[in-house]
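Below, each chain spelled out in residue letters.
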Amino acid sequence: MNWDDTTDTSAAERLVGASADREDQAVEAALRPKDLDEFIGQEKVREQLDLVLRAARARGATADHVLLSGAPGLGKTTLSMIIAAEMGAPIRITSGPAIQHAGDLAAILSSLQEGEVLFLDEIHRMSRPAEEMLYMAMEDYRVDVIVGKGPGATAIPLELPPFTLVGATTRAGLLPPPLRDRFGFTAHMEFYEPTELERVIHRSANLLDVEIEADGAAEIAGRSRGTPRIANRLLRRVRDYAQVKADGLITQDIAAAALAVYEVDARGLDRLDRAVLEALLKLFGGGPVGLSTLAVAVGEERETVEEVAEPFLVREGLLARTPRGRVATPAAWAHLGLAPPRASHTGNGQQDLFGA
């Protein structure tokens, strides 16, 4: 099991947003698996990571540095904690945006214990000076601390105890090659299959003392966007509905009714997602239409449409990005129960989206 309000445009406030709010963080702390055997999904990553950790323990050495990439809510933080637990080592947690100066990183590194795991979330957002310091720390377990300024400045080498860096990123392409190359093991976290999410939901329901039937778990899993964090959040909202509107037991009908209240449809789309599709289909005939025009049509900021709504719509095959603008796919028309426009020719000899 892993992780990693209803209609607000902020990704953190959407029920189907993958970012974690304070409630998510508190619940996840209680639900997180403690070892690789408990961790559901990511079979290849688990198998490979298990070999890395077992070999390190057999040698009595510190585990190689680990880079985990993938969308939010898939279990990167959970895996970092499991790495520390499997190695019997403490863990220090920080993030790229929190390290704005090389001195910030030097302070953290110099206080590490031997074998300690340093989890650096959103590592691609670390400042460049800190990033360059990290190169030497990862490879030579040493940092140079600059004392003084100008011509009189001197570099004092500071030896570090062996440690394991676990870096997490949602945008692996932004990491410079010299940093990527210093990780001994890299893994990409994939989105989950519905059957895997059902197992996540059953485990969470067990820990939360929630009664749920198999078809109820399947209904929630199908709307969870392949993300355990969203599955756990939907489970909590359905639990609330079942307690207030029913006898507390989550069935398929109860789950569907609860998620209808929260405007999460059968494919996991919420109000914002459907608003984007409806504008694209009803106002612009399926496109192509520019991003700014589409954002104005739904009353949202351009960045909200591009970064919050579009990624899932593209992944679901409901929307395509083209050089001429955003275009709806036949699946989008079918999902909203609308008929695509008939093929027609424009005055300049070009056909519309569905022209032959």
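Our subject is the structure listed above.
Here the residue numbering is sequential within each chain, running from 1 through the sequence in written order. Reporting of local features is limited, given that this is a predicted model, to residues whose pLDDT is at least 70; pairs of side-chain atoms are given and counted only at 80 or more, and all residues count toward the totals for whole chains, interfaces and linings. As a convention, hydrogens and water are excluded, and side-chain values are obtained from all of the structure's heavy atoms.

> Please provide a residue-by-residue account of the packing of helix H2 (residues 43-59) against helix H3 (residues 76-87), values included.
With axes taken as lines fitted to C-alpha atoms, and helix axes fitted only over the stretch in contact, angles between N-to-C directions fall between 0 and 180 degrees. Helix numbers and strand numbers start at the N terminus; a helix is a DSSP run of H or I with at least 4 residues, a strand a run of E with at least 2. One way to put it is that H2 packs onto H3 with a least axis distance of 10 Å and a crossing angle of 30°. Between H2 and H3, the angle falls in the class roughly parallel. Viewed along their axes, H2 and H3 form a crossing whose handedness is right-handed. In this structure, H2 contributes Val45, Leu49, Leu53, Ala56 and Arg57 to the contact, and H3 contributes Leu79, Ile83, Glu86 and Met87. A class-by-class count of the residues in the contact of H2 with H3 yields 7 nonpolar, no polar and 2 charged. Between 65 and 115 degrees an angle is taken as roughly perpendicular, under 35 as roughly parallel, over 145 as roughly antiparallel, and anywhere else as oblique. By definition, turning the near helix anticlockwise from the far helix through less than a right angle yields a left-handed crossing, and turning it clockwise yields a right-handed one. Contacts are residue-level and defined by heavy atoms, with any inter-residue pair within 4.5 Å sufficient. Three residue categories are used. Nonpolar comprises Ala, Val, Leu, Ile, Met, Phe, Trp, Tyr, Cys and Pro, charged comprises Asp, Glu, Lys and Arg, and polar comprises the others, including Gly.

> Which residues make up helix H7 (residues 194-207), and what are the values?
Residues lying three or four places apart along an α-helix face the same way, a consequence of the helix completing one turn every 3.6 residues. In a helix, the anticipated span is given by 1.5 Å times the number of residues less one. For H7, with 14 residues, the first-to-last C-alpha span of 20 Å sits near the 20 Å given by 1.5 Å per residue. Regarding H7, the residues found buried are Glu196, Leu197, Val200, Ile201, Arg203, Ser204 and Ala205. The cut-offs for exposure are 20% and 50% of the maximum accessible area for each residue type, with area from a 1.4 Å probe on protein chains only; residues under the lower value are buried, those over the upper are exposed, and the others partly exposed.

> Which residues make up the nonpolar core, and what values do they have?
A general feature of soluble globular proteins is that nonpolar side chains tend to end up buried together. Here, the term nonpolar core denotes a set of buried Ala, Val, Leu, Ile, Met, Phe, Trp, Tyr and Cys residues that are joined through side-chain atoms within 4.5 Å. Among the nonpolar cores identified, the biggest contains 47 residues, and Leu49, Leu79, Ile201, Ile212, Ile220 and Ile250 are the most heavily contacted of them. Counting residues per element, this core draws most heavily on helix H9 (residues 228-245), which supplies 7 residues. If near-sequence neighbours (up to four positions away) are discounted, Ile201 is found in contact with Ile212, Ala217, Ile220, Ala221, Ala231 and Leu235.

> Please set out helix H13 (residues 302-315) residue by residue, giving values where relevant.
Between its first and last C-alpha, H13 extends 19 Å over 14 residues, near the 20 Å set by a 1.5 Å rise per residue. Those residues of H13 that sit buried are Thr304, Val305, Val308, Ala309, Glu310, Phe312 and Leu313. In this fold, the buried residues of H13 make contact with helix H11 (271-283), helix H12 (291-298), strand S8 (319-322) and strand S9 (325-328). Looking one or two places after H13, you find Gly317, whose phi comes out positive at around 75°.

> How would you sum up the pattern of salt bridges? Please name residues and give values.
Within this document, salt bridges are pairs made up of a side-chain nitrogen of Lys or Arg and a carboxyl oxygen of Asp or Glu, the two lying within 4 Å of each other. In the structure shown here, the tally under the stated rule is 16 salt bridges. The partner of Arg203 in a salt bridge is Glu38, with the nearest N and O atoms 2.5 Å apart. Pair noted here: Arg203 is in helix H7 and Glu38 is in the loop between helix H1 (22-31) and H2, with a separation of 165 residues, a long-range link. With a relative accessible area of 31%, Glu38 lands in the partly exposed category. The shortest N-O distance in the salt bridge between Glu310 and Arg326 comes to 2.6 Å. You can see Glu310 sitting in helix H13 and its partner Arg326 sitting in strand S9, a full 16 residues away along the chain. For the pair Glu310 and Arg326, one class covers both residues: buried. Within the structure, one salt-bridge network assembled from shared partners comprises Arg237, Arg239 and Asp240.

> Account for the packing of aromatic side chains, with residues named and values stated.
For Phe, Tyr and Trp, where Trp contributes only its six-membered ring, two rings pair if their centres lie within 6.5 Å, and the inter-plane angle classes them as stacked under 30 degrees, edge-to-face over 60, or tilted in between. Using the criterion set out here, one finds 1 aromatic pair in the structure. An angle of 80° between the planes, with centres 5.6 Å apart, marks the rings of Tyr141 and Phe163 as edge-to-face. Taken as a pair, Tyr141 in the loop between helix H5 (128-140) and strand S4 (142-147) and Phe163 in the loop between strand S5 (154-159) and strand S6 (164-169) lie far apart in primary sequence, 22 residues in all. Whether a charge sits over a ring depends on NZ of Lys or CZ of Arg being within 6 Å of the ring centre and within 35 degrees of the ring normal. Stacked on the ring of Phe312, the Lys or Arg Arg225 has its end atom at 3.9 Å from the ring centre. Directly above the ring of Phe191 sits Arg315, whose terminal nitrogen or CZ lies 3.5 Å from the centroid.

> Describe the pairing of strand S1 (residues 66-69), naming the residues involved and giving the relevant values.
Burial along S1 is two-sided: Val66 and Leu68 and Leu67 and Ser69, pointing in opposite directions, are all buried. Pairing between strands is defined by DSSP: at least two bridges between them are needed. Pairing geometry for S1 and S6, over 4 bridges, is parallel. Among the inter-strand pairings, Ser69 is bridged to a residue of S6, identified as Thr169. Inspection of the sheet shows S1 paired to strand S7 (residues 185-188) by 4 bridges, in the parallel sense. Residue pairing across strands places Ser69 opposite His188, the latter belonging to S7.

> Provide a residue-level description of a nonpolar patch on the surface, including the pertinent values.
Residues Val145, Ile156 and Leu158 make up a contiguous nonpolar surface patch of roughly 210 Å² in combined accessible area. Relative accessible area serves as the criterion here: at 31%, Val145 is assigned to the partly exposed category. Only residues above 30% relative accessible area that lack a salt bridge enter a patch, with like-charged residues linked at up to 9 Å and the nonpolar side chains Val, Leu, Ile, Met, Phe, Trp and Tyr linked at up to 5 Å. Only the protein chains shown count as cover for residues, and all accessible areas are computed by the Shrake-Rupley method using a 1.4 Å probe.

> Please provide a residue-by-residue account of the environment of Arg125, values included.
Within the secondary structure layout, Arg125 lies in the loop between strand S3 (117-121) and H5. Put simply, Arg125 and Thr169 are 44 residues apart on the chain and 8.8 Å apart in space, counted from C-alpha to C-alpha.

Nothing here speaks to function; it is geometry throughout.
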